[in-house]
Amino acid sequence: MSFSITGKRVWVAGHTGMVGGALVRRLATENCEILKTTRAELDLTRQADVEAWMAAHKPHAVIIAAAVVGGIHANDTRPVEFLNANLQIQSNIIVNAHKVGVEKLLFLGSSCIYPRLAPQPINEDALLTGPLEPTNQWYAIAKIAGVKLCQAYRREYQKDFISAMPTNLYGPGDNFDLASSHVLPALIVKAHRAKQSNAASLELWGSGKPMREFLYVDDLADACVFLLKNYSGDVPLNVGYGSDVTIRDLAALVAEVVGFKGGFTFDASKPDGTPRKLLDCGRINALGWTANVNLRDGIAKTYEWYKIHAA
Ligand code: GFB
């Protein structure tokens, strides 16, 4: 079953974020009208405001890229926001999408919704088969609820609401604040500053041994548009890059791209998080989508963006 977005109003909820920005870039190449709302115009945690805005603008399609997101430390220390604000944002949008007759909705989950020790690479069927990683359980529970709410609308009201599970993302528009960012932008900042100050080394959190898969955000945006058009199923589909690296090897690659020639130290007081989370992308690959931007090129593009906009 295919869905056409030609001539349709597509609301990118969360367009000021990294994922939303990439979606706007990608949708600009399609013949559709992109609806956007800033936080000042519409607070997505306010149910009545979301209801009024959606009733007034009646989007045909919605991509939920709005969420409270952050790296391992932010997740671990701000559990209320990661659980409650995400539940509010996604519920307000999904419930009202049904009310105003949205034809297609794409909810974005995250690879951290899978059990901490899920068999690798992680198949979609691993969902809810074991305990979650404690550092991001709050965010994971909210995202699992979003996936389930989409499935519930499919079952009870035959709505074409689907979900995708992206792996760890990075790219232009990322958060480069060391206290709340994910590892890849943090390493870009640390390597850039260490190079500028001729430091002998830069510090990594944890042991450097965990493995992570990184997907360039424009690849995710391309996958989202692909799924909007070509996927209509109950199963939340994994969207990944296809291979992973240790945090230590990622740091070496970032250092190479940035031009930092020093060494690395490790802060064992910081958590490692999940030992590994590599997604099995067999399902989306079989539909005809694969990632395009390799990790080195993606880091180089992100570093260029950082130097211009965030350094
Ligand atoms: O990207 P990250 O913060 O989150 O950390 P997760 C990944 C790994 O990099 C962890 C290590 O083992 C960190 O200890 N790391 C090393 C660092 N140096 C640094 C650093 O300077 N900053 C950061 N942030 N990490 C998140 C979840 O988990 O993944 C979210 O908490 C979300 O909910 C996201 O799902 C995709 O990959 O561990």
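Scoring rules and cut-offs
- Numbering of residues starts from 1 in each chain and follows the order in which that chain's sequence is written.
- Residue-level local features of this predicted model are given only where pLDDT is at least 70; pairs of side-chain atoms are given and counted only at 80 or more, and the full residue set underlies all totals for whole chains, interfaces and linings.
- Side-chain metrics rest on all non-hydrogen atoms present in the structure, leaving aside hydrogens and water.
- A cutoff of 4 Å decides nearness: a residue is near a molecule or strand if any of its heavy atoms lies inside that distance of it.
- Whenever two N or O atoms come within 3.5 Å, that pair is a polar contact, provided that in protein one can donate a hydrogen and the other can accept it, and provided that, for residues adjacent in sequence, both atoms are side-chain atoms.
- For the accessible areas, the method is Shrake-Rupley and the probe is 1.4 Å, while residue cover comes only from the protein chains on display.
- Labels follow the DSSP assignment, with helices taken as runs of H or I lasting at least four residues and strands as runs of E lasting at least two, numbered in each case from the N terminus.
- Throughout this entry, Asp, Glu, Lys and Arg are counted as charged residues, while Ala, Val, Leu, Ile, Met, Phe, Trp, Tyr, Cys and Pro are counted as nonpolar. The remaining residues, Gly among them, count as polar.
- Contact definition: two residues touch when any of their heavy atoms are within 4.5 Å.
- Note on aromatic pairs: the rings of Phe, Tyr and Trp (six-membered ring only in Trp) are paired at centre separations within 6.5 Å, and the planes decide the class, stacked below 30 degrees, edge-to-face beyond 60, tilted for the rest.
- Note on exposure labels: buried denotes an accessible area under 20% of the residue type's maximum, exposed denotes more than 50%, and partly exposed covers the range between, all computed with a 1.4 Å probe on protein chains only.
- What is meant by a nonpolar core is a set of buried Ala, Val, Leu, Ile, Met, Phe, Trp, Tyr and Cys residues, joined one to another through side-chain atoms within 4.5 Å.
- Here, expected helix span is obtained from the residue count minus one, scaled by 1.5 Å.
- A strand pair is defined by DSSP finding two or more bridges across the two strands.
- All axes are obtained by fitting lines to C-alpha atoms, using only the stretch in contact for helices, and the reported angles, taken between N-to-C directions, cover 0 to 180 degrees.

K.L.:
Explain the site of the ligand here, please?
P.N.:
As a structural note, the neighbourhood of the ligand is formed by 22 residues, with Ile72, Lys190, Arg212, Pro271 and Asp272 the closest of them. The side chain of Asn168 places a nitrogen or oxygen atom 2.9 Å from an oxygen atom of the ligand. Coverage of the ligand by the protein amounts to 97% of the 700 Å² it exposes when considered alone. At the level of secondary structure, the elements contributing two or more residues to the shell around the ligand comprise helix H3 (72-77), helix H6 (183-196) and strand E7 (201-205). The greatest single-element share of the shell around the ligand, amounting to three residues, is contributed by H6. Of the residues belonging to the shell around the ligand, the class tally is 10 nonpolar, eight polar and four charged.

K.L.:
Explanation requested: the environment of Ile89 in the structure shown.
P.N.:
For Ile89, the position within the fold is in helix H4 (residues 79-99). Spatially, the C-alpha atoms of Ile89 and Ala67 are 7.1 Å apart, while their sequence positions differ by 22 residues. The contact partners of Ile89, leaving out residues within four places of it in the chain, are Leu44, Thr45, Ala66 and Ala67.

K.L.:
I'm lost on the packing of aromatic side chains in this one. Help?
P.N.:
Two aromatic rings, taken as a pair, are described by how far apart their centres are and by the angle between their planes. Overall, the coordinates contain eight aromatic pairs when judged by the stated rule. With 5.6 Å between their ring centres and 65 degrees between their planes, Tyr170 and Tyr216 make a pair best called edge-to-face. Taken together, the positions of Tyr170 in strand E6 (residues 168-170) and Tyr216 in strand E9 (residues 214-216) put the pair 46 residues apart, joining distant regions of the chain. Ring geometry for Tyr303 against Tyr306: centres 6.4 Å apart, planes inclined by 20 degrees, an arrangement best described as stacked. Of this pair, Tyr303 and Tyr306 are both found in helix H10 (residues 295-309), three residues apart, which corresponds to roughly one turn of the helix. For Tyr306, a relative accessible area of 2% corresponds to the buried category. In textbook terms, an aromatic cluster arises when at least three aromatic residues are bridged by ring pairs, as seen for Phe176, Tyr303, Trp305 and Tyr306.

K.L.:
What exactly am I supposed to notice about the nonpolar core here?
P.N.:
Within soluble globular proteins, side chains that are nonpolar tend to cluster in buried spots. With 67 residues, the main nonpolar core has Trp11, Met54, Ile93, Leu105, Leu227, Val239 and Ile284 as its most contacted residues. With residues near it in sequence (within four places) discarded, Met54 still touches Trp11, Pro59, Val62, Ile93, Asn96, Ala97, Val100 and Val102. Core analysis: the second largest hydrophobic core is formed by 26 residues, Tyr170, Phe214, Ile247 and Leu250 among them.

K.L.:
Explain helix H8 (residues 247-258) to me, please; I cannot follow it from the model alone.
P.N.:
One turn of the α-helix equals 3.6 residues, which is why residues spaced by three or four share an orientation. Spanning 12 residues, H8 covers 16 Å between terminal C-alpha atoms, matching the ideal 16 Å at 1.5 Å per step. Ile247, Leu250, Ala251, Leu253, Val254, Ala255 and Val258 are the residues of H8 that are buried. Count one or two residues on from H8 and you reach Gly259, which has phi positive near 95 degrees.

K.L.:
Whenever I open this one, the sheet that holds strand E8 (residues 211-212) confuses me. Can you help?
P.N.:
Sheet strands associate in pairs through backbone hydrogen bonding, adopting either a parallel or an antiparallel arrangement. Pairing in this open sheet of three strands is mixed, and the strands run E11-E8-E13 from one edge to the other. Since the sheet does not close on itself, it has two edges, and those belong to strand E11 (245-246) and strand E13 (276-277), each with one partner. Bridge count between E8 and E13: two bridges; the pairing is parallel. Looking at E13, one finds that Arg212 is bridged to Lys277.

K.L.:
In this structure, what is going on with the pairing of strand E3 (residues 61-64)? I would like to understand it.
P.N.:
The side chains of a regular strand alternate between the sheet's two faces. Of the two faces of E3, the one carrying Ala61 and Ile63 and the one carrying Val62 and Ile64 are both buried. Sheet analysis places strand E1 (residues 9-13) next to E3, joined by four bridges and oriented parallel. Bridged to Ala13 within E3 is Ile64. Two elements, E3 and strand E4 (residues 104-108), share four bridges in a ladder whose sense is parallel. What sits directly across from Ile63, in E4, is Leu106.

K.L.:
What is the right way to look at the sheet that holds strand E10 (residues 237-239) in this model?
P.N.:
Spatial strand order, E2-E1-E3-E4-E5-E10: six strands in an open sheet with parallel pairing. Taken across any chain shown, the strands that pair with only one partner, and hence form the sheet edges, are strand E2 (33-35) and E10. Each strand axis lies, on average, 25 degrees off the axis of its neighbour in the sheet, ignoring direction. Here E1 pairs with E2 via three bridges, running parallel. When the bridges of E2 are listed, Arg9 appears paired with Glu33. Contacting E1, E2, E3 and E4, helix H1 (residues 18-27) runs over the sheet at an angle of about 160 degrees to E1. Lying over the sheet, helix H2 (residues 47-57) contacts E1, E2 and E3, oriented at roughly 160 degrees with respect to E1.

This is a description of form; function is not addressed.
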